[in-house]
Amino acid sequence: MNHWRYPTSYAARMQSHAQARMNKSDDDNDDNGDDGGPSTGVVVRTKPKAKKPSMYKVIMLNDDYTPMEFVVMILERFFNKNHEEASHIMLHVHQKGVGVCGVYTYEIAETKVTQVMDLARQHQHPLQCTLEKA
Ligand code: TYC
């Protein structure tokens, strides 16, 4: 058991401070202690707090060795393209050298780049994929 206490004089002083605080007048009924009449509350936030996340393009680069069907399969599997869309994007990259697979928030874009690069490496294809701020 712990029988320690404040000295009586200190305890008494703290009690009288507390009483003084409670006795202060704040009659405007908003409990903010300013006693300045109604409608003096501070507007804390007018706009909603949420911000739009930055978006990132997942870019695929052409090379001379990765089979076209492999690139089409990648676009179907990781970028949810149908066969026609996937073939169109693959041919665009083949002809222009670079193309957009999709646009995502940072974490999702980064995950897709990793998935593409991992599968390409497993199949020993030199396919390259990267991120670019949208
Ligand atoms: N150029 C490759 C070929 O002729 C096909 C290819 C397309 C490779 C798109 C990569 O991102 C790519 N086999």
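Remember, it's a predicted structure, so these values are computed and weren't measured experimentally.

## Quick look at helix 2 (residues 68-79)
Phase 1 of the analysis: With 12 residues, helix 2 should cover 16 Å at 1.5 Å per step; its first-to-last C-alpha distance of 16 Å lies within 8% of that length.
Phase 2 of the analysis: Burial in helix 2 covers these residues: Phe70, Val71, Val72, Ile74, Leu75, Phe78 and Phe79.
Phase 3 of the analysis: Considering only its buried residues, helix 2 is in contact with strand 1 (55-61), helix 3 (83-96), strand 2 (98-105) and helix 4 (106-122).
Phase 4 of the analysis: Downstream of helix 2 by a residue or two, Asn80 has a phi angle that is positive, lying close to 55 degrees.

## Some words on the site of the ligand
Phase 1 of the analysis: The local shell around the ligand consists of Met60, Leu61, Asn62, Asp63, Thr66, Met68, Val71, Met90, Val93, His94 and Leu127.
Phase 2 of the analysis: A distance of 2.8 Å separates an oxygen atom of the ligand from a polar backbone atom of Leu61.
Phase 3 of the analysis: In the model, a nitrogen atom of the ligand is placed 2.9 Å from a nitrogen or oxygen of the Thr66 main chain.
Phase 4 of the analysis: Across the complex, the protein chains shield 89% of the 340 Å² of accessible surface that the ligand would expose by itself.

## Examining the pattern of salt bridges
Phase 1 of the analysis: In this structure the tally under the stated criterion is two salt bridges.
Phase 2 of the analysis: Two residues, Lys57 and Glu132, come together in a salt bridge whose shortest N-O distance is 3.4 Å. Within this pair, whereas Lys57 is found in strand 1, its partner Glu132 is found in strand 3 (residues 128-133), the two being separated by 75 residues in sequence.
Phase 3 of the analysis: Across the pair Asp118 and Arg121 runs a salt bridge, and its minimum N-O distance is 3.6 Å. You can see Asp118 and its partner Arg121 sitting in helix 4, three residues apart, about one turn around the helix.
Phase 4 of the analysis: Among the residues examined, Asp118 registers a relative accessible area of 31% and is labelled partly exposed.

## Quick notes on the packing of aromatic side chains
Phase 1 of the analysis: According to the stated counting rule, one finds two aromatic pairs in the structure shown.
Phase 2 of the analysis: Both rings, one in Tyr56 and one in Tyr106, keep their centres 5.2 Å apart while their planes meet at 80 degrees; by these two values the pair is edge-to-face. Within this pair, whereas Tyr56 is found in strand 1, its partner Tyr106 is found in helix 4, the two being separated by 50 residues in sequence.
Phase 3 of the analysis: Given a relative accessible area of 43%, Tyr106 falls into the partly exposed group.
Phase 4 of the analysis: Ring geometry for Phe79 against Tyr104: centres 6.3 Å apart, planes inclined by 40 degrees, an arrangement best described as tilted. Of the two residues, Phe79 sits in helix 2 while Tyr104 sits in strand 2, which places them 25 residues apart along the sequence. Both residues of the pair, Phe79 and Tyr104, count as buried.
Phase 5 of the analysis: Positioned above the aromatic ring of Tyr104, the side-chain terminus of Lys112 is 5.1 Å from the ring centre.

Rules behind the numbers
- Residues numbered from 1 in each chain as written.
- Predicted model: local features only at pLDDT ≥ 70, side-chain atom pairs only at ≥ 80, totals over all residues.
- Heavy atoms only, no water.
- Helix = DSSP H or I, 4+ residues; strand = E, 2+ residues; numbered from the N terminus.
- Expected span 1.5 Å × (residues − 1).
- Buried < 20%, exposed > 50% of the residue type's maximum accessible area, 1.4 Å probe, protein only.
- Contact = heavy atoms within 4.5 Å.
- Near = heavy atom within 4 Å.
- Polar contact = N/O pair within 3.5 Å; in protein donor to acceptor, adjacent residues only side chain to side chain.
- Areas by Shrake-Rupley, 256 points an atom, 1.4 Å probe, with all protein chains shown as cover.
- Salt bridge = Lys/Arg side-chain N within 4 Å of Asp/Glu carboxyl O.
- Phe/Tyr/Trp six-rings, centres within 6.5 Å; stacked < 30°, edge-to-face > 60°.
- Lys NZ or Arg CZ within 6 Å of the ring centre and 35° of its normal.

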